[in-house]
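Below, each chain spelled out in residue letters.
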Amino acid sequence: KKGYVMRKCCYETNAKRTPFHKRSWKMFYCTLRDLVLYLHKDENGFRKNQMGGDNLHNAIRIHHALATKAQDYTKKQYVFRLQTADQAEYLFQTSDSKELQSWIDTINFV
Ligand code: I3P
């Protein structure tokens, strides 16, 4: 699965709260492959990376991760929360309710 999403970091590894200057919403081209969610600036960034290069910085491992609708987050629509095995937490905003469910199912059932 792939597509543009907005992402906000809430907690880093080991449930460490993300500092203020890193908590803003940013747009990414998001690709799920081999249990890794790759986040790139745009489609070109993704293509370039496939040809080699290290992007662990922009990769979220989703093995044993959980995606749920962020019903408590009311500032934006179509947002899901992603909690990873290493206790990081992110919010992702998708474009509509169908996309929201599709990302959640894809992440939870791969
Ligand atoms: C953050 C930015 C986010 C906001 C976050 C701010 O500031 O305004 O949009 O989250 O609030 O810290 P900055 O741009 O300086 O990084 P919301 O959109 O969810 O309010 P937070 O600290 O309460 O997460």
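On a predicted model such as this, the values are computed, not experimentally measured, just so you know. (Residues numbered from 1 in each chain as written. Predicted model: local features only at pLDDT ≥ 70, side-chain atom pairs only at ≥ 80, totals over all residues. Heavy atoms only, no water.)

K.L.:
Could you give an account of the packing of aromatic side chains, with specific residues and numbers?
P.N.:
Scanning the model with the defined rule gives four aromatic pairs in all. On the basis of an interplanar angle of 55° and a centroid distance of 6.3 Å, the ring pair of Tyr90 and Phe92 is categorised as tilted. Grouping residues by exposure puts Tyr90 and Phe92 together as buried. Aromatic rings pair up to connect Phe80, Tyr90 and Phe92 into one cluster. Positioned above the aromatic ring of Trp103, the side-chain terminus of Lys1 is 5.0 Å from the ring centre. (Phe/Tyr/Trp six-rings, centres within 6.5 Å; stacked < 30°, edge-to-face > 60°. Buried < 20%, exposed > 50% of the residue type's maximum accessible area, 1.4 Å probe, protein only. Lys NZ or Arg CZ within 6 Å of the ring centre and 35° of its normal.)

K.L.:
Residues and numbers for the site of the ligand, please.
P.N.:
If you check the shell around the ligand, you find Lys8, Phe20, His21, Arg23, Ser24, Trp25, Tyr73 and Lys75 and nothing else. Between an oxygen atom of the ligand and a main-chain N or O atom of Phe20, the distance comes to 2.8 Å. Between the ligand and Tyr73 there is a distance of 2.5 Å, counted from an oxygen atom to a side-chain nitrogen or oxygen. Within the complex, the protein chains bury 59% of what would otherwise be the 510 Å² of accessible surface of the ligand. Of the residues assigned to the shell around the ligand, the class counts are three nonpolar, two polar and three charged. (Near = heavy atom within 4 Å. Polar contact = N/O pair within 3.5 Å; in protein donor to acceptor, adjacent residues only side chain to side chain. Areas by Shrake-Rupley, 256 points an atom, 1.4 Å probe, with all protein chains shown as cover. Nonpolar A, V, L, I, M, F, W, Y, C, P; charged D, E, K, R; others polar.)

K.L.:
Could you give an account of the pairing of strand 3 (residues 26-33), naming the residues involved and the relevant values?
P.N.:
Both strand 1 (residues 2-12) and strand 3 contribute to a ladder of six bridges, which runs antiparallel. Within the sheet, the bridge partner assigned to Gly3 lies in strand 3 and is Cys30. Taken together, the five bridges between strand 3 and strand 4 (residues 36-40) define a ladder with antiparallel strand orientation. Bridged to Tyr29 within strand 4 is His40. (Pairing = 2+ DSSP bridges. Helix = DSSP H or I, 4+ residues; strand = E, 2+ residues; numbered from the N terminus.)

K.L.:
Help me get a handle on the confidence of the model for the protein, residues and values and all.
P.N.:
The pLDDT averaged across the protein works out to 92; a share of 91% of its residues lies at or above 70. Interface scoring of the predicted complex returns ipTM 0.90; its pTM is 0.92. (pLDDT = per-residue confidence, 0-100.)

K.L.:
Just give me the short version of the pattern of salt bridges, but keep the residues and values in it.
P.N.:
Tallying each qualifying case throughout the model produces four salt bridges. A salt bridge links Asp72 to Arg81, with the shortest nitrogen-to-oxygen separation between them at 3.0 Å. Judged by relative accessible area, which is 55%, Asp72 ranks as exposed. Among the residues examined, Arg81 registers a relative accessible area of 15% and is labelled buried. Salt bridges here are not isolated pairs; linked through shared partners, they connect Asp72, Arg81 and Glu89. (Salt bridge = Lys/Arg side-chain N within 4 Å of Asp/Glu carboxyl O.)

K.L.:
An account of the side chain of Thr94 is requested, with residue identities and associated values reported.
P.N.:
Note that Thr94 resides in the loop between strand 8 (89-93) and helix 2 (97-109). Reaching out from Thr94, the side chain makes a polar contact with the backbone nitrogen of Leu100 at a distance of 3.4 Å. The contacts of Thr94, once residues within four sequence positions are left out, are Val5, Gln77, Tyr78, Phe80, Glu99, Leu100 and Trp103. (Contact = heavy atoms within 4.5 Å.)

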